[in-house]
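Architecture at a glance
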Amino acid sequence: MADTKREIERKYESDESGLPDLTGVAGVAAVLDKGVAHLDATYYDTADLRLAAASITLRRRTGGSDAGWHLKFPVAPGVRDEIHAPLADTVPPVLASLVRSRVRDTELLPVVRLRSERDVRDLVDADGRLLAEAGVDAVRADRLLGGDASAQWTEIEVELADGGDPAFLDTVEKRLRRAGVRPSKSTSKLARALAETAPRGKGGKARKAGKTGKAGKAAKDAKGGPAGSPRSGRGNPPDAPVTAGDHVLAYVTAQRDALVALDPAVRQDAPDSVHRMRVATRRLRSALRSYGRILDRTVTDPIGEELKWLAGELGVDRDREVLTEHLTAALDGLPRTLLSGPVRTRLRTWARARRGGSRRRLIGVLDSKRYLALLDTLDELVAAPPLRKAAAAEPGPTLAKAVRKDFGRVDALVEAALGLAPGQDRDLALHEARKKAKRTRYAAETAVPALGDPASALVKSMKTLQTGLGDHQDSVMARLTLRELSAVAHAAGESSFTYGVLYGREEQRAADVERELPQTWKEIKEGTAV
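Throughout, residues of each chain are indexed from 1 in the direction in which the sequence is written. At least 70 in pLDDT is required for a residue's local features to be given in this predicted model, at least 80 for side-chain atom pairs to be given and counted, and no such filter applies to totals for whole chains, interfaces and linings, which use all residues. The side-chain values count all of the structure's non-hydrogen atoms but skip hydrogen atoms and water molecules.

A look at the overall build of the protein
Starting at the N terminus, helices and strands are each numbered in turn, a helix being any DSSP run of H or I of at least four residues and a strand any DSSP run of E of at least two. Helix and strand content of the protein: 16 helices and 8 strands. When the backbone C-alpha atoms are referred to their principal axes, the protein occupies close to 80 × 65 × 45 Å. For the protein, long-range pairs separated by at least 24 residues make up 72% of all intrachain contacts whose partners lie at least 6 apart in sequence. Approximately 25,200 Å² of the protein is accessible, and the part contributed by carbon and sulfur atoms is 51%. Working convention for charge: Lys and Arg count positive, Asp and Glu count negative, and His plus the chain ends are omitted. A charge is said to be at NZ when it belongs to Lys, at CZ for Arg, at CG for Asp and at CD for Glu. For the protein, the separation between the mean place of its 88 positive charges and that of its 75 negative charges on side chains is 4 Å. Here, residues are in contact when the closest pair of their heavy atoms is within 4.5 Å. Here the accessible surface of atoms and residues is derived via Shrake-Rupley with a 1.4 Å probe, and residues count as covered only by protein chains that are part of the display.

Quick look at the confidence of the model for the protein
The score called pLDDT rates the predictor's confidence residue by residue, from a low of 0 to a high of 100. Of the residues in the protein, 92% reach a pLDDT of 70 or more, and the chain-wide mean stands at 90. Note that pLDDT drops below 50 for residues 202–238; the model gives that stretch 78 contacts with residues more than four away or on any other chain.

Concerning the sheet that holds strand E8 (residues 150–160)
Taken in spatial order, the 8 strands close into a barrel running E1-E5-E4-E3-E2-E6-E7-E8, and their pairing is antiparallel. Geometrically, the sheet is characterised by an average inter-axis angle of 35° between neighbouring strands, direction not taken into account. Looking at chain direction, strand E6 (residues 109–124) and strand E7 (residues 130–143) are connected through 13 bridges and run antiparallel. Paired with aspartate 122 across the strands is glutamate 133, a residue of E7. For helices, the axis comes from a line fit to the C-alpha atoms of the stretch in contact; other axes are also lines fit to C-alpha atoms, and the angle between any two N-to-C directions lies between 0 and 180 degrees. Sheet contacts for helix H4 (residues 167–178): strand E1 (3–13), E6, E7 and E8; angle to E1, the most-contacted strand, approximately 20°. Against the sheet, helix H5 (residues 189–196) makes contact with E1, strand E2 (30–45), strand E3 (57–62), E6, E7 and E8, and its axis sits at roughly 135° relative to E6, the strand it touches most. When DSSP finds two or more bridges between two strands, those strands count as paired.

Notes on the side chain of lysine 72
Position of lysine 72 among the secondary structure elements: in strand E4 (residues 68–76). For this analysis, a polar contact is any N or O atom pair within 3.5 Å, provided that within protein one partner can donate a hydrogen and the other can accept it, and provided that sequence-adjacent residues contribute only side-chain to side-chain pairs. Among the polar contacts listed, one links the side chain of lysine 72 to the side chain of glutamate 82, at a separation of 3.4 Å. Those residues in contact with lysine 72 that lie beyond four places of it in its chain are Glu7, Ser55, Ile56, Thr57, Arg59, Arg80, Asp81 and Glu82.

Here's the deal with the packing of aromatic side chains
Centres within 6.5 Å make a pair out of two Phe, Tyr or Trp rings, where for Trp the six-membered ring is used; the pair is then stacked when the planes are under 30 degrees apart, edge-to-face when over 60, and tilted otherwise. Under the defined criterion, the tally for this structure stands at 2 aromatic pairs. Ring geometry for tyrosine 44 and tryptophan 69: centres 5.1 Å apart, planes at 50°, overall tilted. With a gap of 25 residues between them, tyrosine 44 in strand E2 and tryptophan 69 in strand E4 connect regions that are remote in the sequence. Like tyrosine 44, the residue tryptophan 69 is buried in the burial classification. When the centroid spacing of 5.5 Å and the interplanar angle of 25° are considered together, the rings of phenylalanine 407 and tryptophan 521 count as stacked. Taken as a pair, phenylalanine 407 in helix H13 (residues 395–418) and tryptophan 521 in helix H16 (residues 497–527) lie far apart in primary sequence, 114 residues in all. Judged by its relative accessible area of 13%, phenylalanine 407 is buried. Throughout this description, buried means an accessible area under 20% of the type-specific maximum (1.4 Å probe, protein chains only), exposed means over 50%, and partly exposed covers the range between. What makes tryptophan 521 buried here is its relative accessible area of 1%. Only when the NZ of Lys or the CZ of Arg is both within 6 Å of the ring centre and within 35 degrees of the ring normal is a charge said to sit over the ring. If you follow arginine 320 out to its NZ or CZ, it ends over the ring of tryptophan 350, 4.3 Å from the centre. Sitting over the ring of tryptophan 309, arginine 370 keeps its end group 4.2 Å from the ring centre.

A closer look at the pattern of salt bridges
A carboxyl oxygen of Asp or Glu within 4 Å of a side-chain nitrogen of Lys or Arg is what we treat as a salt bridge. Here the structure, examined in full by the defined rule, presents 54 salt bridges. We note a salt bridge from aspartate 40 to arginine 113, for which the minimum N-O separation is 2.5 Å. Placement of aspartate 40 in strand E2 and of arginine 113 in strand E6 is noted, with a sequence separation of 73 residues between them. Among the salt bridges present, the one from arginine 140 reaches aspartate 142, with a minimum N-O distance of 3.1 Å. When its relative accessible area of 33% is taken as the criterion, arginine 140 is described as partly exposed. Connected via shared salt-bridge partners are Glu7, Glu9, Lys11, Lys72, Arg80, Glu82, Arg118, Asp137, Glu155, Glu157 and Lys189.

As for the pairing of E2
Strand direction decides the pairing type here: E2 and E6, joined by 15 bridges, are antiparallel. The residue bridging alanine 37 from the neighbouring strand is arginine 118, located in E6.

Examining helix H12 (residues 369–383)
Taking 1.5 Å of rise per residue, the 15 residues of H12 would be expected to cover 21 Å, and the 21 Å separating its terminal C-alpha atoms lies within 8% of that figure. For H12, the set of buried residues is Tyr371, Leu372, Leu374, Leu375, Leu378, Asp379, Leu381 and Val382. For a helix, the expected span equals 1.5 Å multiplied by the residue count minus one.

As for the packing of H13 against helix H14 (residues 424–451)
Where H13 contacts H14, the axes come no closer than 8 Å and their chain directions differ by 165°. Relative to H14, the element H13 lies roughly antiparallel. For the pair H13 and H14, the sense of crossing is left-handed. By the convention adopted, Pro, Cys, Tyr, Trp, Phe, Met, Ile, Leu, Val and Ala count as nonpolar, Lys, Arg, Asp and Glu as charged, and the other residues, Gly among them, as polar. Residue composition of the contact of H13 with H14, by class: 19 nonpolar, 2 polar and 6 charged. Each angle receives one of four descriptions, namely roughly parallel if under 35 degrees, roughly antiparallel if over 145, roughly perpendicular if within 65 to 115, and oblique otherwise. For any helix crossing, the convention is left-handed if the near helix is rotated counterclockwise from the far helix by under a right angle, and right-handed if that rotation is clockwise.

Notes on the environment of lysine 5
Mapped onto the elements, lysine 5 comes out in strand E1. C-alpha of lysine 5 to C-alpha of alanine 126: the two residues are 121 residues apart in sequence and 26 Å apart in space. Leave out the neighbours within four places in its chain, and lysine 5 touches Arg80, Asp81, Glu82, Glu159 and Asp162. Only 3.4 Å separates the side chain of lysine 5 from the side chain of aspartate 162, close enough to count as a polar contact.

So, the packing of helix H7 (residues 244–267) against H14
At a minimum axis distance of 9 Å, the contact between H7 and H14 shows a crossing angle of 125°. For the element pair H7 / H14, the angle class is oblique. Our pair here, H7 against H14, has a crossing hand that is right-handed. In this structure, H7 uses His247, Val248 and Tyr251 to contact H14, whose residues at the interface are Tyr442, Glu445, Thr446, Pro449 and Ala450.

A look at the nonpolar core
Residues grouped as a nonpolar core are buried Ala, Val, Leu, Ile, Met, Phe, Trp, Tyr and Cys residues, joined through side-chain atoms within 4.5 Å. Core analysis: the largest hydrophobic core is formed by 63 residues, its most contacted members being Val252, Tyr291, Ile294 and Leu465. Once residues within four sequence positions are removed from consideration, valine 252 is found in contact with Leu284, Ala287, Leu288, Leu295, Leu381 and Val382. In terms of nonpolar packing, the next biggest core, distinct from the first, is built from 19 residues, Val25, Leu123, Val136 and Val158 among them.

This is the structure in structure tokens:
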């Protein structure tokens, strides 16, 4: 088993004077000497330092109060989620799985050993409650992979107590700054160790972190925040996109990064993680389809099919979850006089029918060779994009043309749907219009940096249309489910009255969307300026 906690800490440069007196800090009633802890940590990574490039640390540590394996993911500056597993000789499988989207099939190796003498002080309030732990670390770093250099330094670390107010760290920092202590230039010991033990260049001078070489880049990325991929930086578009191809690649790279970064959250069943990963998959697939004049579709279409497969696997639970929430809310809105029979029980049973099995299936998908191969393919796409001639063109006209083409498809589908009589054919046509509206929205998102307000306005309009048509499709699916539940209830000798009431309300909901759609669409068309 692995335990997760949120770690909020700040690091500071230190000289030989040690920790300044913190007894005058507001809220601190006492500073307790907790002695010196001897910590010995070995950090693991791939040979090309993929975890370090994403500001992720994986270590095996002995000594102190939390000996064991620690895996840390960046959340925000100074904030990380730490996952702890018991001490073992090899990387625990539960932690290895959480870095698989970055490591893939590459071996995790010891890269740096850090030995620290930590002089610990507890900052407590008047009730003896721990506010933060402050320590002075005398650190020795030894390179284990890619060289044998060593480095030594001293730093101050202040870690907030579990559940503490982050504002307390601001108060402590003010006191430290008055004493001449300054924040560390590095966000982690590992980043500093990688930078200071990086292999020396031909001239005998140590390379600076982030200037040249994989090790330097890893240290730089670890300072600057999480990178999205194990191979971030290779073939990535420039920071300020210039050409049409730059803009599309920036969007594609961002979605690839999101897929990789969300993988651990999905494995941990974090709230909304599956939905966000599915959205990133759809955004990426839409961009590849919309911008076929920029990225060669003979190369990207097969990738799109794999993304479609992944989105489908991610949606097995999500669609049922959304529908369950909708029907539960609809039941909650009914007067008690309209409730007849064990409707809630039936709905809960239906909702849970495949949950356990589908969850195991999803983890299997994320561990599959097919999924990992897809991630490799996306890395290759970003590193060596199949650019067509239009990729070198000015972004404004080129991107606008692609967005207008997608918008034209939505227009044709909406108008066709409005020309049909209410019923199954119109339902299907509106569903297709919704999917194309989503694609147009993502195409416009890609173009926002180049086109500005007109593209932003179209994103907003397509989201409005998508929401309305999504409500309509939810109503269609809800009615199918209500018919299924009603049939089961009837066969069991239960009343089907409430299912009929809900069905009628869903019909009215869809009719409302269809009635408002002509005016909504007219306003969208009049306001579109891309």
